[in-house]
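Okay, here's what each chain looks like letter by letter:
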Amino acid sequence: MEILESGIGKLIQPFDMDEFREWNRTEKTRKLVDKRMTEQEAISKFVYNGCYIGTELHGSVRCPMSLTRELIRQGHKDLRICGQGVLELDMWLAAGLVKALDITYIGLEVYGTSSSLRRAVESGQVETCVEWSNAAITWRMKATAMGIPFLPTRSMLGTDMIKHSAAKVVEDPFTGIKVALLPALILDVAMIHVQRADMYGNCQIDGISGFAMEIARACKRLIISAEEIVPTEEIRKYPDRTLIPYYLADAVVHAPYGSHPGETAYIYGRDEPAIKEWVEMSKTAEGAQEYLDKYVFGVKNHAEYLTLIGEERLRKCDELRERRE
Amino acid sequence: MTEQTYSKTELMICVAARLFEDGATCFIGTGIPMLAAMLASKTTAPNLVPVFEFGGTGAIMEELPLSVGEARTFHKGISALGICDTMETAQRGFIDYGFLGGAQIDPYGNLNSVVIGDHDKPKVRLPGSGGGNDVGCHCWQTIAIMGHDSRRFVPEVDFVTTPGYLSGPGAREEAGLPRGTGPIAVVSTLALMDYEPESLRMRLKALHPDVTVEDVVAATNFELIIPDEIGQNLAPSAEELRLLREEIDPTKFYI
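Residues numbered from 1 in each chain as written. Chains lettered and ligands numbered in written order. Predicted model: local features only at pLDDT ≥ 70, side-chain atom pairs only at ≥ 80, totals over all residues. Heavy atoms only, no water.

## Section: the overall build of chain A
Turning to step 1, where the next piece is worked out: Counting its regular elements, chain A contains 13 helices and 13 strands.
Turning to step 2, where the next piece is worked out: Looking at chain A as a whole, 61% of its 325 residues qualify as buried.
Turning to step 3, where the next piece is worked out: Taking the contacts inside chain A whose residues are at least 6 apart along the sequence as the reference set, 77% of them involve residues at least 24 apart.
Turning to step 4, where the next piece is worked out: A total of about 12600 Å² of accessible surface is found on chain A, and carbon and sulfur atoms cover 51% of it.
Turning to step 5, where the next piece is worked out: Distance from the positive charge centre (41 side chains) to the negative charge centre (48 side chains) of chain A: 3 Å. (Helix = DSSP H or I, 4+ residues; strand = E, 2+ residues; numbered from the N terminus. Buried < 20%, exposed > 50% of the residue type's maximum accessible area, 1.4 Å probe, protein only. Contact = heavy atoms within 4.5 Å. Areas by Shrake-Rupley, 256 points an atom, 1.4 Å probe, with all protein chains shown as cover. Lys, Arg positive; Asp, Glu negative; His and termini not counted. Charge placed at Lys NZ, Arg CZ, Asp CG, Glu CD.)

This is the structure:
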């Protein structure tokens, strides 16, 4: 097939599907292993300088925030991020940990643009931004999940998105229409927050699954944080609810309120004052550092963070939870 | 009869809400589109099917969602799957309308939400496409909602994030975008615009109350097509304002 147009954006993580298959064969055991550990253990074991990392869902919704904060505490830097993010990526940017972005969206939603993203990119601290639409980045993960090097789409065609992505446009050999080929993406590390997991890493998610199915299958190492660790019998009783099978997970961290200040469907709602606090403070670099000093560096772990937030605030979040009615 | 006062934002939301077709599927993004969708579902489009990109479909919007992924986007919904399903659904032609925003819009309805200035050394780094590009590619008809000033309505956007009619007639087809898709309207803080069918350039359709053609032209940094007949948008009704202020956005996030 003739390449009609090639994006000039960098392929941040070159890949080889046979290497990925061999990795899955040898590094992702199918044995039942108790993978429970703390945030501290999981992050120090699997995250490293320069790794290619992504999170799911996004900062204000079912997001691995306790893992996010631990990563900042440990200071892993030069991160290459696959980025669909709100608070979590914002904090990594503010902490100066990010070098390159496969970016689809990093912003503060109703609160507007991210000052941290602006400072990090406009100063050149983030050296590379490669553009993708939301669908494109998810379908890149889907290609990996399928074990194939690319998936075609009609998204992005004709726009500057193609130009500044790493996609390639070809003519479909079957019908002749133009399609953009999205290269697979294989994360070094992915982090997902779920409602329930067992000790082996079988995970169930309530509410929307976002792109958990795809990202869990598009990474070499997967760290799960779960509101609740359940017995495996519970998984086996409802096997139709398992979205992530155990052999994909490398670590399982018990993290009640692990998504705070974001919400977790059916358990707790978002902590608006806490989100606003980040939004306001992160408008300046000094404010962002002050926030991180208080909520990240000033606490040893997630339990201390929750103590700092306080029971009363957490109860308020419980009250705001989504209910099935 | 006392006339209620209202803000430009409230007016913009009302004008946008009146465009929703009842029973249609509609991709809803963060911000003003959510308010317009809620108002529409409580007034002229009670059977609107909202689709939020992260998986919430058919929610009954009792409270304003503050995020495209939050629980209110699938509250009493018909399904809560994931982004692959919603985007594939759009790519397969099931989404009638998409509502979009952006930092800049040009005469062909192309939108920019990536950078102001050079991509690699930007003056301003914006959030990125998010689902915007996908909405502009796959939804049958898209409607942009944004503030109207000469920094936003520009002759050429700095970065074409979301496709309108690209460079004009034939361009979407040439690029390979799905046949029959494209922008149909822009709702701004001053007026309602559509696109002239032959040139596909933005055209003034109806003015907001107390706004003149001169006001709109002054706020538009390109040549807007001014037709012979220009409509008049109605001011928000008492009921629309009540819904907005008491039910939809009581804490005044937006209005």
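So that's the structure; there's more coming.
## Observations concerning a negative patch on the surface
Residue and element names in this part refer to chain A.
Turning to step 1, where the next piece is worked out: A contiguous patch of negative charge on the surface is contributed by Asp16, Asp18, Glu19 and Glu22.
Turning to step 2, where the next piece is worked out: Secondary-structure assignment places glutamate 19 in helix α1 (residues 17-27).
Turning to step 3, where the next piece is worked out: According to the relative accessible area criterion, glutamate 19 is exposed, its value standing at 55%. (Patch = residues over 30% accessible without salt bridge, like charges linked within 9 Å, V, L, I, M, F, W, Y side chains within 5 Å. Salt bridge = Lys/Arg side-chain N within 4 Å of Asp/Glu carboxyl O.)

## Let's talk about the sheet that holds strand β7 (residues 168-171) of chain A
All names here are of chain A.
Turning to step 1, where the next piece is worked out: What the four strands build is an open sheet, ordered β1-β7-β8-β6; its pairing is antiparallel. With partners counted over all chains shown, the strands left at the sheet margins are β1 (3-6) and β6 (150-153), one partner each. Ignoring which end each strand starts from, the neighbouring axes of this sheet average 30° apart.
Turning to step 2, where the next piece is worked out: Direction of pairing for β7 relative to strand β8 (residues 178-183): antiparallel, over a ladder of four bridges. The partner of valine 169 across the bridge, within β8, is alanine 180. (Pairing = 2+ DSSP bridges. Axes fitted to C-alpha atoms, helices over the stretch in contact; angles between N-to-C directions.)

## Looking at unusual backbone geometry
Turning to step 1, where the next piece is worked out: Here the amide bond leading from Glu56(A) into Leu57(A) is cis, since omega sits at 5°, within 30 degrees of zero.
Turning to step 2, where the next piece is worked out: Relative to the helices and strands, Leu57(A) resides in the loop between β2 (52-56) and α3 (65-74).
Turning to step 3, where the next piece is worked out: Cis geometry marks the peptide bond from His260(A) to Pro261(A), where omega comes out at 10°.
Turning to step 4, where the next piece is worked out: Relative to the assigned elements, Pro261(A) resides in the loop between β13 (251-254) and α10 (272-281).
Turning to step 5, where the next piece is worked out: Even without being a glycine, Tyr257(A) presents a positive backbone phi close to 55°.
Turning to step 6, where the next piece is worked out: Even without a glycine there, the phi angle at Leu166(B) is positive, about 55°.
Turning to step 7, where the next piece is worked out: Mapped onto the elements of the fold, Leu166(B) is located in the loop between β10 (141-146) and α5 (171-175).
Turning to step 8, where the next piece is worked out: What makes Leu166(B) buried here is its relative accessible area of 11%.

## What to know about the environment of Ser44(A)
Residue and element names in this part refer to chain A.
Turning to step 1, where the next piece is worked out: Along the chain, serine 44 turns up in helix α2 (residues 39-46).
Turning to step 2, where the next piece is worked out: Classification of serine 44 as partly exposed rests on a relative accessible area of 39%.
Turning to step 3, where the next piece is worked out: With residues up to four places along the chain from it excluded, the contact list for serine 44 reads Gln74 and His76.

## As for the interface of chain B and chain A
Turning to step 1, where the next piece is worked out: Each partner contributes residues to the interface: chain B has 52 residues there, and chain A has 53 residues.
Turning to step 2, where the next piece is worked out: In total, about 4100 Å² of surface goes out of reach between chain B and chain A, with carbon and sulfur atoms giving 59% of it.
Turning to step 3, where the next piece is worked out: Among the residues of chain B in contact with chain A, Phe54(B), Arg125(B) and Pro127(B) are the three that bury the most area, contributing 17% of the side total.
Turning to step 4, where the next piece is worked out: Where chain B touches chain A, the interface holds three salt bridges.
Turning to step 5, where the next piece is worked out: Measuring nitrogen to oxygen at the nearest pair gives 2.6 Å for the salt bridge that ties Arg125(B) to Glu131(A).
Turning to step 6, where the next piece is worked out: Run the count over chain B and chain A and you get 28 residue pairs in polar contact (both at pLDDT 80 or more).
Turning to step 7, where the next piece is worked out: Broken down by secondary-structure element, the contributors of at least two residues to the side of chain B that touches chain A are α3 (83-91), β9 (122-125), α4 (132-138) and α5 of chain B.
Turning to step 8, where the next piece is worked out: Top contributing element to the side of chain B that touches chain A by residue count: α3(B), with five residues.
Turning to step 9, where the next piece is worked out: Residues of the side of chain B that touches chain A, tallied by class, amount to 25 nonpolar, 17 polar and 10 charged. (Buried area = accessible area lost by both parts, 1.4 Å probe. Polar contact = N/O pair within 3.5 Å; in protein donor to acceptor, adjacent residues only side chain to side chain. Nonpolar A, V, L, I, M, F, W, Y, C, P; charged D, E, K, R; others polar.)

## Comments concerning the environment of Gly75(A)
Residues and elements named next belong to chain A.
Turning to step 1, where the next piece is worked out: Inspection of the secondary structure puts glycine 75 in the loop between α3 and β3 (79-85).
Turning to step 2, where the next piece is worked out: A residue is classified by how much of its surface remains accessible, and glycine 75, at 31% relative accessible area, is partly exposed.
Turning to step 3, where the next piece is worked out: For the pair formed by glycine 75 and tyrosine 48, sequence separation is 27 residues and the distance between their alpha carbons is 9.1 Å.
Turning to step 4, where the next piece is worked out: Apart from residues no more than four positions distant in its own chain, glycine 75 is found in contact with Asn49 and Leu97.

## Overview of the nonpolar core
Turning to step 1, where the next piece is worked out: Of all hydrophobic cores here, the largest spans 132 residues; its most connected members are Leu222(A) and Phe20(B).
Turning to step 2, where the next piece is worked out: If we skip the residues at most four places from it in the chain, Leu222(A) touches Lys28(A), Ala190(A), Ile192(A), Ala216(A), Ile244(A), Leu248(A), Ala249(A), Asp250(A) and Ala251(A).
Turning to step 3, where the next piece is worked out: Core analysis: the next-biggest nonpolar cluster, separate from the first, contains 53 residues, Val86(A), Leu97(A), Trp278(A) and Tyr295(A) among them. (Core = buried A, V, L, I, M, F, W, Y, C linked by side-chain atoms within 4.5 Å.)

## Considering the packing of aromatic side chains
In this description, an aromatic ring pair is defined by two values, namely the gap between the centres and the angle between the planes.
Residue and element names in this part refer to chain A.
Turning to step 1, where the next piece is worked out: Scanning the entire structure with this criterion turns up 12 aromatic pairs over all chains.
Turning to step 2, where the next piece is worked out: Measuring from centroid to centroid gives 6.3 Å for tyrosine 295 and tyrosine 305, while their planes differ by 65°, and the two rings are edge-to-face. Highlighted residues: tyrosine 295 in helix α11 (residues 285-297) and tyrosine 305 in helix α12 (residues 302-309), separated in sequence by 10 residues. The same class applies to tyrosine 295 as to tyrosine 305, namely buried.
Turning to step 3, where the next piece is worked out: Put simply, the rings of Trp278, Tyr291, Tyr295 and Tyr305 pair up and form one aromatic cluster.
Turning to step 4, where the next piece is worked out: One cation-aromatic arrangement involves arginine 140 over tryptophan 132; the distance from NZ or CZ to the ring centre is 4.2 Å.
Turning to step 5, where the next piece is worked out: The lysine or arginine in question, arginine 241, covers the ring of tyrosine 238, its NZ or CZ lying 4.3 Å from the ring centre. (Phe/Tyr/Trp six-rings, centres within 6.5 Å; stacked < 30°, edge-to-face > 60°. Lys NZ or Arg CZ within 6 Å of the ring centre and 35° of its normal.)

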